[in-house]
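These are the residues of each chain, in order.
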Amino acid sequence: QVWGPSSSQDDRTPTKRVVDALQDFSEHILYIEEILPPDLLKSIIGNMDIFLGTRMHSNIFALSQGVPTIAIAYQPKTQGIMRMLGLNHWIIDIQDIEEQPLTDLLIELWDNRNSVRDQINSALFPILTEAARPGAIVASDFQEIHQKADESRANSRR
């Protein structure tokens, strides 16, 4: 998700360490090092069965595609997004990460991925519907103003 400018701010550095540690599973891992445009990154994430993320926007990409997600929270906004969708169980505070509890949670998410996907999609529908309202209101107002202007021009020609 993030590519620098320094190595301490580059997500590829810790990701590469994780990939190297999972050599037994290398045939199941696709490590992408190049910088991708957001729409392509979102599409790739949308094809995953489950997602484990620390960056809020990568978690949003996954959730918006209905991908069951465990969010490692290092800021309150990540917790807020997960709670808004009723996904409190799938949040881990970055200060609380330990190997076995994280592994157990990943296994639990894998085992429940279909029901979690359904939960995400159910929670997203009203949010997306509500998010579309401002655009519809602006379009309606624009149409009304445009129609009144046309009527005014027509009346002034008479």
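Structure's up top.
Residues numbered from 1 in each chain as written. Predicted model: local features only at pLDDT ≥ 70, side-chain atom pairs only at ≥ 80, totals over all residues. Heavy atoms only, no water.

1. Some thoughts on the pattern of salt bridges
For clarity, the threshold we go by: Salt bridge, as used here, is a side-chain nitrogen of Lys or Arg placed within 4 Å of a carboxyl oxygen of Asp or Glu. Each helix corresponds to a stretch of at least 4 residues labelled H or I by DSSP, and each strand to a stretch of at least 2 residues labelled E; elements are numbered beginning at the N terminus. Summary of the burial criterion: residues with accessible area below 20% of their type's maximum are buried, those above 50% are exposed, and those between are partly exposed, where the area comes from a 1.4 Å probe applied to protein chains only.
By the definition in use, this model includes four salt bridges. Between aspartate 20 and lysine 16 there is a salt bridge; the shortest N-O distance is 3.1 Å. Linking aspartate 20 with lysine 16, this pair stays in helix α1 (residues 12-21), spanning four residues, or about one helical turn. Judged by relative accessible area, aspartate 20 falls into the partly exposed class, the value being 37%.

2. A closer look at helix α6 (residues 113-157)
Filter applied, for reference: Expected helix span is computed as 1.5 Å times (number of residues minus one).
For α6, built from 45 residues, the straight-helix expectation of 66 Å at 1.5 Å per residue is met to within 8% by its first-to-last C-alpha distance of 65 Å. Considered for burial, the residues of α6 that qualify are Val116, Ile120, Ala123 and Leu124.

3. Considerations on the packing of aromatic side chains
How two aromatic rings sit relative to each other is set out by the distance from centre to centre and by the angle between their planes. The line we're drawing: Classification of ring pairs uses Phe, Tyr and Trp, with its six-membered ring standing for Trp, and accepts pairs whose centres are within 6.5 Å; under 30 degrees between planes counts as stacked, over 60 as edge-to-face, and the remaining range as tilted. By definition, being over a ring means that NZ of Lys or CZ of Arg is both within 6 Å of the ring centre and within 35 degrees of the ring normal.
Within the structure shown, the criterion is met by zero aromatic pairs. A cation over an aromatic ring shows up here: arginine 113 above the ring of tryptophan 110, its NZ or CZ 3.7 Å from the ring centre.

4. Here's the deal with the sheet that holds strand β3 (residues 91-93)
Within a sheet, each strand pairs with its neighbour through backbone hydrogen bonds, oriented either parallel or antiparallel. As a reminder of what qualifies: Whether two strands pair comes down to DSSP finding at least two bridges between them. An axis is simply a line fitted to the C-alpha atoms; with a helix, the fit covers only the stretch in contact. Between two such axes, the angle follows the N-to-C directions and lies from 0 to 180 degrees. Contact criterion: two residues are considered in contact whenever any of their non-hydrogen atoms come within 4.5 Å of each other.
Read from one edge of the open sheet, three strands run β1-β2-β3, paired in parallel fashion. Lying at the two open borders of the sheet, with one neighbouring strand each, are β1 (51-53) and β3. With strand direction ignored, the average angle separating the axes of adjacent strands in the sheet is 15°. Against the sheet, helix α3 (residues 56-64) makes contact with β1 and β2 (69-73), and its axis sits at roughly 165° relative to β2, the strand it touches most.

5. Section: the packing of helix α2 (residues 38-46) against α3
What counts is decided by this rule: Geometric relationships in this document are graded by angle, where less than 35 degrees denotes roughly parallel, more than 145 denotes roughly antiparallel, 65 to 115 denotes roughly perpendicular, and other angles denote oblique. The hand of a helix crossing depends on one turn: near helix anticlockwise from the far one by less than a right angle means left-handed, and clockwise means right-handed. Think of it as three bins: nonpolar holds Ala, Val, Leu, Ile, Met, Phe, Trp, Tyr, Cys and Pro, charged holds Asp, Glu, Lys and Arg, and polar takes everything else, Gly as well.
Taken N-terminus to C-terminus, the directions of α2 and α3 make an angle of 55°; their axes are 8 Å apart at the nearest point. The angle between α2 and α3 places the two elements in the oblique class. Note on packing geometry: the crossing formed by α2 with α3 is right-handed. Residues Pro38, Leu41, Lys42 and Ile45 of α2 pack against Ser58, Phe61, Ala62 and Ser64 of α3. Taken together, the residues that form the contact of α2 with α3 break down as five nonpolar, two polar and one charged.

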